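# Analysis of the macromolecular model
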Amino acid sequence: MSQRSSFYITTPIYYVNGNPHIGHAYTTIAADVAARWHRHRGRDVRFLTGTDEHGQKVLEAAEARGMTPREHCDDMVARWQAMMDGLDVSYDRFIRTTDADHERLVHGVLQQLWEAGQIYKDQYRGWYLVKDEVFVTEKERDERLATGELAEGDFRLIEEANYFFRMGSYQQALLDHIEAKPDCILPASRRNEVLGFLRKPLGDLCISRPKSRMSWGIELPFDADFVTYVWFDALLNYLTGTGYTAGSEDGDWTAWWPCDYHLIGKDILTTHSVYWTTMLLAIGVPLPQHIYAHGWWVSSDGAKMGKSAGNAIDVELLAEEFGVDPLRYFLMREIAFGADGAFSYDGFLLRYNADLANDLGNLAHRGLSMSTRWLDPSVPPLGSRGPDEEALVELAREVVTAYATNIEALQFHKALDALWSLVKAGNKYVDTTEPWSLNRDGHTERLQTVLRHVQEVCFLAGALLLPVMPSKAASLLSKLGRPEEAARAHLDALLTDPSLALCGLAEGVSIEVGDPLFPRFAELPPRIAALFAPVDEPAPKPRPKQAKRKKGPKGPPPVIGFDVFQQLDLRAGRVVSAEQHPDADKLLVLTVDVGEDAPRTVVAGLRSRFAPEELVGLQVVVVANLAPATLRGVESQGMVLAAGGSEIVGLVSVDAPPGTVVR
Ligand code: MSP
C-alpha cells in the first residue's frame, strides 16, 4: 500500500440500462468501507463512483422507453444516486460520462494519441456482443454459445470502417509491469488469468463507432462522423476524477494518481487490466497501484446475479426491512472479497441473528443494562485487572492489528471475523464473571471492573465498525458517551500503542441503554417472505382481527396439526440469573442459557410465585423461536414454560443440558 497521505479508490461506473442491484451495491459498499476506513485513519481520501452513460446498451434502453438518451440517463442517474445515498455511500464525486470535464478529457486524450500516431483508421469485421459492449473473436463467440449462456441473437456481425488504438504494441511493456509488480492485479489468481491472456498475441483495440450506426457517444475530435467506443470513454473517468488534463505531467491530479485501488468485479478484468493499462502506457501516465477484482454474488444454482439473468436481489428492500447497516455488514462479512458467494435470504437472516442480534447486540444491551440497573448510569471505574481481564485485553490488542491489516488489504470478512472473536469473548467473559452474582453478593468494585470491561469491548467494536456500519456504530458509541471523534483518536493512539487496549472510555461519563441496536428477527419479514409465496395462488387475504378473548370460561383451544406443533423450537435452558423487572411488579428478568454463545434475556410473569433467587440454576424449557417482544422496556428473547393460568403454580423443568431439543 502507498505511504502517501492521500488515498484514491474507485468503483466501476455503472451502466444506466437498468436499476441498481446487489452486485452494484457490493462493489460500492466495499469501496465505501475502504474510503471511510482511510478517512477514519486521517488520510485525504477521494472516492469516485458514477455512471457509464454512452454506448449501444444505454441507447437501446432509452429507445425502449421512448426517451432521448439524455432524458433516460438523467432519470436513471437519479435512481442510482438514491441507491447510493440510501446505502450511506460516502463518495466524493459521482461522475457521469456525460459530464463536461470528462468529455473534455476524452477529447484531449484522443487528440494526443492521434497526433502521436497511436490511432489509425481501418476496415473492421467482427462479432459485437452488446451485453458486454465488446467485440469478440469467432472462437470466443462459439465458446460462449456453447455454454448456453448466450444465444446467437446476442451477437451482431458488424463490418465497417473504424479507428483503432495500437494496443498490441504495448503488450510487452504491460507484461513487464505485471511481472515486476506482483500485487498490481489482485487477488493473485486474477493476475495469473491476465498473464495467461497476455501469452497470446494482443491485437489493437477498435475505439470508435460510426455515427451512422450508433451515435450516442463522445464525438472523435478528429472525425465528426464517429463517436468514441464506450469502454475507451468510460475507463478515462478514473483520470477525470483526479482533475487530470491530457498531456499534463504534474499538477493537483498527482496527489491522487496513481490510484490506490480500482475495485471491479471479475467480469471486467480484461478491460481494466489490459485496455486501461495500455491506454495509460500510451499517454505516459503511471499505472494504477492495484486493480482488485472481486467475485460474484450468485444464486443458489450458481448463476451470476444481475439484470439479464432476472435473478437480481433488490437491495433497497433488504435495507428497508433489516436496515442499511446490517446489509452493509452482511455483504462484507458473508463472502471473501475475491471469491463468489451464493446469496440467500435465509442466510441473511441467520447471519443477522447470530452476529448482530445475539453477539454484538446482546453484549451491548446487557453490558449497558446491567450497569445502569446496578450501578450509576455512567462509565464505571476500570479497577484492577485479574487474569480474565488480562486475557481480554491481550485478545483486543491482537484484534485491533488484525482488523486494521485486513481492512487495508480489503479482506473485509477476515477483519470482521477477527473483531467477532473479541465480541464473542466479551459475551463469554460476562458468563464466567457472572455480574449478577457480583451484584447479589455486594462485590461492587469487582462488578464495576467487569461491566467497564464489557463496555470497553463494545467501545472498541464501535470504533472499528464505523466504516462498515456508520450509523449503528455511531449510536453504540453514543450510548457509551463517546463521540465519533473520540473513537477515532483512540483508534489512532491504539494502533501506535497497543497497551492502550480496552481503556478508551471516560470514567463517570453518562451512558444510556436505549433500544436494542439489532432486534432479533424470528423469521423473514413479511415483505421478503412474500417473494416466495406460490405465484399461482391468490395472495392470502389479511386475517380479520381476532376478537379479544373474554375473561372467564372459554372453549377448548383449537386442534392443531403436527406440522404446527413442529414449528415450535423448544429447548432446555438453565437460568443463569434472575431479577425483578425494573418497571413491572409481576415480571422477572431472567437470563437463560439455551446452549448458544450467549444466554438470552427472557422476561417472565413469574413473580407471583417465585422470588428471583429461587430461579437461579433451575433447568427450564424455553420457547426459543418466539418473536422477540419488548416488555416494559426490556427485550424478551423467548419464553419459559410454566404451569397455571393467571396464577403460576410451577415451572416446566427438564433434566438436560442447555440447548437440548425438547419434543
Ligand atoms: N460500465 C461498465 C464498467 C465501466 S468501468 C470503467 C460495467 N457496468 S455494470 O453496470 O455492468 O457494472 C458491472 C459491475 O457491477 C461489476 O464489475 C461488479 O463490480 C458489479 N456487479 C454486477 N453484478 C454482480 C454480481 N452478481 N456480483 C458482484 N458484483 C457484480 O460493467
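Scope of this entry: the structure provided in the associated data block. Because the structure is a prediction, the values reported are computed rather than measured. (Residues numbered from 1 in each chain as written. Predicted model: local features only at pLDDT ≥ 70, side-chain atom pairs only at ≥ 80, totals over all residues. Heavy atoms only, no water.)

## Digging into the overall build of the protein chain
A count of helices and strands for the protein chain gives 22 helices and 24 strands. In the protein chain, which comprises 663 residues, the share counted as buried stands at 53%. Of the contacts made within the protein chain by residues no fewer than 6 positions apart, 76% connect residues no fewer than 24 positions apart. Accessible surface, the protein chain: about 28800 Å² in total, of which carbon and sulfur atoms supply 52%. (Helix = DSSP H or I, 4+ residues; strand = E, 2+ residues; numbered from the N terminus. Buried < 20%, exposed > 50% of the residue type's maximum accessible area, 1.4 Å probe, protein only. Contact = heavy atoms within 4.5 Å. Areas by Shrake-Rupley, 256 points an atom, 1.4 Å probe, with all protein chains shown as cover.)

## Concerning the nonpolar core
Phe343, Tyr403 and Leu465 are the most contacted members of the largest nonpolar core, which has 118 residues in total. Beyond its immediate sequence surroundings of up to four residues, tyrosine 403 is in contact with Trp37, Ala415, Leu416, Leu419, Leu464, Leu465 and Val468. If you look at the next biggest cluster of nonpolar residues, it comprises 73 residues, including Ile158, Leu175, Ile218 and Tyr238. (Core = buried A, V, L, I, M, F, W, Y, C linked by side-chain atoms within 4.5 Å.)

## Regarding the environment of alanine 487
Examined against the element boundaries, alanine 487 turns out to sit in helix H19 (residues 484-496). When the C-alpha atoms of alanine 487 and aspartate 655 are compared, they prove to be 46 Å apart, with 168 residues separating the residues in sequence. Contacts of alanine 487, omitting those with residues within four sequence positions, involve Phe459, Ala463, Leu466 and Leu477.

## Observations concerning the pattern of salt bridges
Per the stated rule, a full pass over the model turns up 44 salt bridges. Salt bridges sharing partners connect three or more residues here, namely Asp32, Arg36, Asp88 and Arg328. (Salt bridge = Lys/Arg side-chain N within 4 Å of Asp/Glu carboxyl O.)

## So, helix H17 (residues 444-465)
Spacing of three or four residues puts side chains on the same side of an α-helix, whose turn is 3.6 residues. With 22 residues, H17 extends 31 Å from end C-alpha to end C-alpha; this agrees with the ideal 32 Å at 1.5 Å per step. Across the 22 residues that make up H17, a large majority, 18, are buried. (Expected span 1.5 Å × (residues − 1).)

## Observations regarding the site of the ligand
Surrounding the ligand, one finds 24 residues, the nearest of these being Ile13, Thr27, Asp52, Trp297 and Met305. With respect to the ligand, the side chain of aspartate 52 contributes an N or O atom lying 2.7 Å from a nitrogen atom. Contacts to the ligand include histidine 294, whose side-chain N or O atom sits 3.5 Å from an oxygen atom. Contact with the protein chains removes 95% of the 670 Å² of surface that the ligand exposes when unbound. When contributions to the shell around the ligand are tallied by element, the ones reaching two or more residues are strand S1 (6-15), helix H1 (22-40), helix H8 (230-235) and helix H9 (237-240). Looking at the shell around the ligand residue by residue, the classes come out as 12 nonpolar, nine polar and three charged. (Near = heavy atom within 4 Å. Polar contact = N/O pair within 3.5 Å; in protein donor to acceptor, adjacent residues only side chain to side chain. Nonpolar A, V, L, I, M, F, W, Y, C, P; charged D, E, K, R; others polar.)

## A look at helix H7 (residues 188-197)
Listing the buried residues of H7 in full gives Arg190, Arg191, Val194 and Leu195. End-on, the buried residues of H7 take up no more than an arc of 145°, which puts them together on one face. Buried residues belonging to H7 abut helix H6 (171-180), strand S7 (185-186), helix H10 (269-283) and strand S13 (290-294). (Arc of directions from axis to C-beta.)

## Focus: the sheet that holds strand S5 (residues 134-136)
Here we have four strands laid out as an open sheet, ordered S5-S4-S6-S8, and antiparallel in their pairing. Of all the strands in the sheet, just S5 and strand S8 (205-206) have a single pairing partner and so form its edges. Inspection of the sheet shows strand S4 (residues 119-129) paired to S5 by three bridges, in the antiparallel sense. Across the sheet, tyrosine 128 pairs through a bridge with phenylalanine 135, a residue of S5. Against the sheet, helix H4 (residues 100-115) makes contact with S4 and strand S6 (155-165), and its axis sits at roughly 120° relative to S4, the strand it touches most. (Pairing = 2+ DSSP bridges. Axes fitted to C-alpha atoms, helices over the stretch in contact; angles between N-to-C directions.)

## Comments concerning the packing of aromatic side chains
Under the defined criterion, the tally for this structure stands at 34 aromatic pairs. Ring geometry for phenylalanine 165 and tyrosine 170: centres 6.0 Å apart, planes at 20°, overall stacked. Both residues of the pair, phenylalanine 165 and tyrosine 170, belong to the buried class. Between arginine 141 and the ring centre of tryptophan 127, over which it is positioned, the NZ or CZ distance is 3.7 Å. Stacked on the ring of phenylalanine 518, the Lys or Arg lysine 472 has its end atom at 5.3 Å from the ring centre. (Phe/Tyr/Trp six-rings, centres within 6.5 Å; stacked < 30°, edge-to-face > 60°. Lys NZ or Arg CZ within 6 Å of the ring centre and 35° of its normal.)

## A word on the sheet that holds strand S10 (residues 219-220)
Spatial ordering of the open sheet is given by S9-S11-S10, a layout of three strands whose pairing is antiparallel. Edge positions in the sheet fall to strand S9 (208-210) and S10, since each of these pairs with one other strand and no more. Inspection of the sheet shows S10 paired to strand S11 (residues 223-228) by two bridges, in the antiparallel sense. Along S11, the bridge assignment pairs glutamate 219 with valine 227.

## So, unusual backbone geometry
With omega at -10°, the peptide bond leading from leucine 186 into proline 187 counts as cis. Structurally, proline 187 can be placed in the loop between S7 and H7. For the bond from tryptophan 257 to proline 258, the omega torsion is 0°, close enough to zero to count as cis. With respect to the helices and strands, the residue proline 258 is situated in the loop between H9 and strand S12 (261-265). If you check the backbone angles, glutamate 133 has positive phi at about 55° while not being a glycine. Mapped onto the secondary structure, glutamate 133 falls in the loop between S4 and S5. Using a relative accessible area of 1% as the deciding quantity, one classes glutamate 133 as buried.

## Some thoughts on the side chain of threonine 11
Locating threonine 11 in the fold gives a position in strand S1. Given the relative accessible area of 0%, threonine 11 is considered buried. Reaching out from threonine 11, the side chain makes a polar contact with the side chain of threonine 49 at a distance of 2.6 Å.

## Here's the deal with the environment of valine 227
Positionally, valine 227 belongs in strand S11. When the C-alpha positions of valine 227 and alanine 404 are compared, they lie 45 Å apart, and in sequence the two are 177 residues distant.

## Some details on the packing of helix H14 (residues 387-408) against helix H15 (residues 412-433)
Between two packed helices, the angle of one axis relative to the other and the distance separating the axes together describe the packing. Here H14 crosses H15 at 165°, and the two axes come no closer than 7 Å. In terms of their interaxial angle, H14 and H15 are classed as roughly antiparallel. When you trace H14 past H15, the crossing you get is left-handed. Taking contact as the criterion, the partners of Asp388, Glu389, Leu392, Leu395, Ala396, Val399, Ala402, Tyr403, Asn406 and Ile407 in H14 are, on H15, Phe412, Lys414, Ala415, Leu416, Ala418, Leu419, Ser421, Leu422, Ala425, Gly426, Tyr429 and Thr433. Among the residues making up the contact of H14 with H15, the classes are represented as 15 nonpolar, four polar and three charged. (Parallel < 35°, antiparallel > 145°, perpendicular 65-115°, else oblique. Left-handed = near helix turned anticlockwise from the far one by under 90°.)

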